[in-house]
Amino acid sequence: QKEVEQDPGPLSVPEGAIVSLNCTYSNSAFQYFMWYRQYSRKGPELLMYTYSSGNKEDGRFTAQVDKSSKYISLFIRDSQPSDSATYLCAMGLQTGANNLFFGTGTRLTVIP
Amino acid sequence: EAGVTQSPTHLIKTRGQQATLRCSPISGHTSVYWYQQALGLGLQFLLWYDEGEERNRGNFPPRFSGRQFPNYSSELNVNALELEDSALYLCASAPGANVLTFGAGSRLTVL
């Protein structure tokens, strides 16, 4: 069983839709949860960073962590064509970025 | 402020050859991480360097190696290239735990 499972998609939505991206994980020791966005031919860029459980909102983006279900989500409201990218979830143990485990990424296309 | 820079952008090699990839971290960052992103797989942790020392390595064979220079730039070497080494190699730097800033990557193709 992989440490982190993520549906690869692809996912296509019309502009303005609400997008829900999800990851599940198996290691209950994970404490840090992140979402990265990766445009084509670019490196991943950090979108959201959450420690432990709960919600975090930043503009049109909301990250949710449910540690009891080992499930994290990223919601994108009022999706825009510029949101078209691959979204990677990542999670880490308490010590250091070398302990980050990434999902395979979900490719999202927002259709104008 | 310049981000993490990687070179070359693309590299084509044949089986058995050696590849060298380079990374310059963000100014002030002392830690450099290397990840492999192969098609259909998530980012796989390769190596972590901090203050010139290798601090940790992922589950990769010894033919993947590297070093960090006094100016904190880093080099990843892959010896005896195999077809399955074809991937995007990402370098990231960090000022502290968990907050990685990635470069655009070096795409290695092994023929």
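Throughout, a residue's number is its position along its own chain's written sequence, starting from 1. Throughout, the order in which chains and ligands are written sets their labels, letters from A for the former and numbers from 1 for the latter. Two thresholds apply to this predicted model, a pLDDT of at least 70 for residue-level local features and 80 or more for giving and counting side-chain atom pairs, whereas whole-chain, interface and lining totals are computed over all residues. Calculation of side-chain values draws on the structure's entire complement of heavy atoms; hydrogens and water are dropped beforehand.

Q: Outline the layout of surface pockets, listing residues and values.
A: Gaps left between atoms are located by rolling a probe of water-molecule size over the structure's atoms. One number sums up the size of the largest pocket: a volume of about 820 Å³. Every definition here rests on a 1 Å grid over the protein atoms only: cavities are sets of points where a 1.4 Å probe fits but cannot get out, pockets are open sets enclosed by protein on both sides within 12 Å along at least five of seven lines, and lining residues have some atom within 4 Å of a point. In terms of lining, the largest pocket is formed by 29 residues, of which the most central are Q38(A), T86(A), R107(A), Q37(B) and R107(B). Runs of H or I in DSSP of at least four residues are treated as helices and runs of E of at least two as strands, each being numbered from the N terminus. Of all the secondary-structure elements, those providing two or more residues to the lining of the largest pocket are β9 (85-92) and β11 (106-111) of chain A together with β9 (87-94) of chain B. The biggest single contributor to the lining of the largest pocket is β11(A), with 4 residues. Under the grouping applied here, Gly and all other residues not named as nonpolar or charged are polar, the nonpolar ones being Ala, Val, Leu, Ile, Met, Phe, Trp, Tyr, Cys and Pro and the charged ones Asp, Glu, Lys and Arg. Of the residues contributing to the lining of the largest pocket, the split by class is 10 nonpolar, 15 polar and 4 charged. Approximately 390 Å³ is the volume attributed to the second largest pocket. Among the residues forming the lining of the second largest pocket, the class breakdown is 8 nonpolar, 8 polar and 2 charged. Grid points are joined across faces, edges and corners, and a volume is the space filled by probe spheres set on the points.

Q: I'd like a rundown of the sheet that holds strand β7 (residues 64-68) of chain B, residues and numbers included.
A: All names here are of chain B. Whether two strands pair depends on DSSP finding at least two bridges between them. With antiparallel pairing, the 4 strands of this open sheet are ordered in space as β1-β3-β8-β7. Looking along the sheet, the strands with just one partner apiece sit at the ends: β1 (5-7) and β7. Geometrically, the sheet is characterised by an average inter-axis angle of 15° between neighbouring strands, direction not taken into account. Judged from the 5 bridges that link them, β7 and strand β8 (residues 74-78) form a sheet pairing that is antiparallel. Within the sheet, the bridge partner assigned to G66 lies in β8 and is L76. Note on geometry: axes are lines fitted to C-alpha atoms, helical ones only across the stretch in contact, with angles between N-to-C directions running from 0 to 180 degrees.

No statement about biological role is implied by the geometric values presented.
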